[in-house]
Amino acid sequence: MVLMSDERTSGLWVPGSPADRARAPTALEIVDLKKESKQYFGDFHNQCELEEEYYLGKRKVAAPDGIEPVWPATASAIINVATDHVDVNNLAIDVPSSPRSKARSERVQKGLIGLWASIKPPVLRTCIRHSFLYGTAFIKSMFDPLNWPDAPVHDDFSGDDEYREALKEFMEDRRIKFPLVVESVSPKNMMWDDSRGKIKWVIETTERSARSIADAYPEWLSSADSDGAVEWTEYWDDEWVVYMADDDIVWGPEKHSYGHVPYTQLLPVMSYTFDDACVEDRYRGLLRPIHDLLDEEARIIAQTDSIVRTIGWRTLDFRGPEAAAMRARDDYKMFGGMNVIPAGVEVGLSPLAQVPPDLWRQLDVIQDKIEQATFPNVVRGVRPKGVSTGFG
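To start, this report covers the structure provided alongside it. Note that this is a predicted model, so its numbers are computed, not measured. (Residues numbered from 1 in each chain as written. Predicted model: local features only at pLDDT ≥ 70, side-chain atom pairs only at ≥ 80, totals over all residues. Heavy atoms only, no water.)

A word on the pattern of salt bridges
If you walk through the whole model with that rule in mind, you get 19 salt bridges. Across the pair Glu231 and Lys34 runs a salt bridge, and its minimum N-O distance is 2.9 Å. Residue Glu231 is found in strand β7 (residues 229-237), and its partner Lys34 is found in helix α1 (residues 27-40); the two are separated by 197 residues along the sequence. In this structure, the salt-bridge partner of Asp295 is Arg59, at a minimum N-O distance of 3.5 Å. On the criterion of sequence distance, the pair formed by Asp295 in helix α9 (residues 291-312) and Arg59 in the loop between α2 (42-56) and α3 (74-84) is long-range, its members being 236 residues apart. Judged by relative accessible area, Asp295 falls into the buried class, the value being 11%. (Salt bridge = Lys/Arg side-chain N within 4 Å of Asp/Glu carboxyl O. Helix = DSSP H or I, 4+ residues; strand = E, 2+ residues; numbered from the N terminus. Buried < 20%, exposed > 50% of the residue type's maximum accessible area, 1.4 Å probe, protein only.)

Next comes the structure, spelled out in structure tokens:
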């Protein structure tokens with residue numbers, strides 16, 4: 001992406017370009033980049049919000065007055081089952097090696113396995129769930145300076161013995177510290193360099209309270225209500241990092257010294273291309289092809305549910321002279337009572353309307369289509385219905 005910039009000698013700014021690494025990006029340049037990126041990723045972000053509506057059961061279907069429709073949990077079950085069938089607890093880490101570097105490769109492999117074992121939050125499982133739901137996922141890996149002890153300085157001690165003792169404690173403390181923070185970032189909060197090759201820049205936006213930002217960065221002055229929410233923006237490229245709140249720089253630009261963008265994109269490969277289509281077509285979640293089927297399933301369930309709710313409470317019909325029938329209706333006791341029926345009055349159940357069998361057949365057809373487009377029921381541990389052949 002190339003942007004016009006009065007801050008550059010050439011009048012152009014290419015975010016993440018090696019030619020522009022020497023000069024830090026300005027607030028105006030980042031705001032312009034974010035504006036252009038929101039337009040470019042707008043349809044993809046809308047698609048992410050739509051997928052969340054299906055997963056969280058926030059979709060609405062038509063129902064008769066007085067009937068609250070029920071949204072089935074089919075979408076969330078599909079995503080959760082898909083996530084459960086990806087083993088993230090036993091990572092298969094392969095480190096290339098040669099006959100001369102076999103021992104080193106084994107140490108690196110054990111170190112990487114230990115690294116992921118030290119990450120307690122369910123980062124990988126959340127990323128897998130994101131990849132199935134949104135069509136892609138992001139992992140953010142950063143150094144945590146607050147969880148890494150500072151090395152003692154010799155000048156701060158009166159003698160060598162005190163310095164050696166402090167250095168020994170520092171080395172022992174460092175052995176049990178884990179100064180890395182690994183997080184799963186929702187793709188709907190991400191805008192990134194979408195050109196071919198590696199990602200050269202990333203913008204992450206979230207909603208944060210003004211009070212939390214002011215507590216962390218007291219020098220930031222905001223006209224927003226301290227209890228209100230502001231847009232928090234993080235800009236990263238291979239060289240620079242900038243934190244912004246409502247398009248005002250809170251911290252930076254600073255060189256982060258990572259040597260790369262601290263974001264890793266996960267691609268579950270559920271699309272037909274990654275090169276020549278728009279973003280919303282290249283990153284497709286598992287639910288996108290079955291949106292219409294999920295809506296149809298919810299409509300049929302709402303229809304059958306409304307019928308069952310309507311006929312679930314049986315009513316009585318009182319037949320006979322009007323005055324006597326009205327008196328019998330008023331005195332009639334439904335549960336545990338002894339009723340006296342006036343002469344000429346008959347009491348009977350009202351006609352019962354059954355759920356049309358076609359609705360049940362149509363529901364089976366729709367659910368079979370959903371199963372064919374996602375995961376067969378055998379993956380969930382459900383035995384197939386009807387006659388089946390094969391070896392158990």
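Examining the environment of Leu294
Residue position: Leu294 is located in helix α9. Residue classification places Leu294 among the buried residues on the basis of a relative accessible area of 2%. Note: C-alpha distance between Leu294 and Ile370 (76 residues apart in sequence) is 7.7 Å. Here Leu294 is in contact with Tyr54, Trp71, Thr74, Ala75, Leu287 and Ile370, once residues within four sequence places are set aside. (Contact = heavy atoms within 4.5 Å.)

Observations regarding the pairing of strand β9 (residues 248-255)
Looking at chain direction, strand β8 (residues 240-245) and β9 are connected through five bridges and run antiparallel. Bridging from a neighbouring strand, Met244 pairs with Ile249 of β9. Following β8, the chain reverses through two residues before pairing antiparallel with β9; Asp246 in that reversal takes a positive phi of roughly 50°. (Pairing = 2+ DSSP bridges.)

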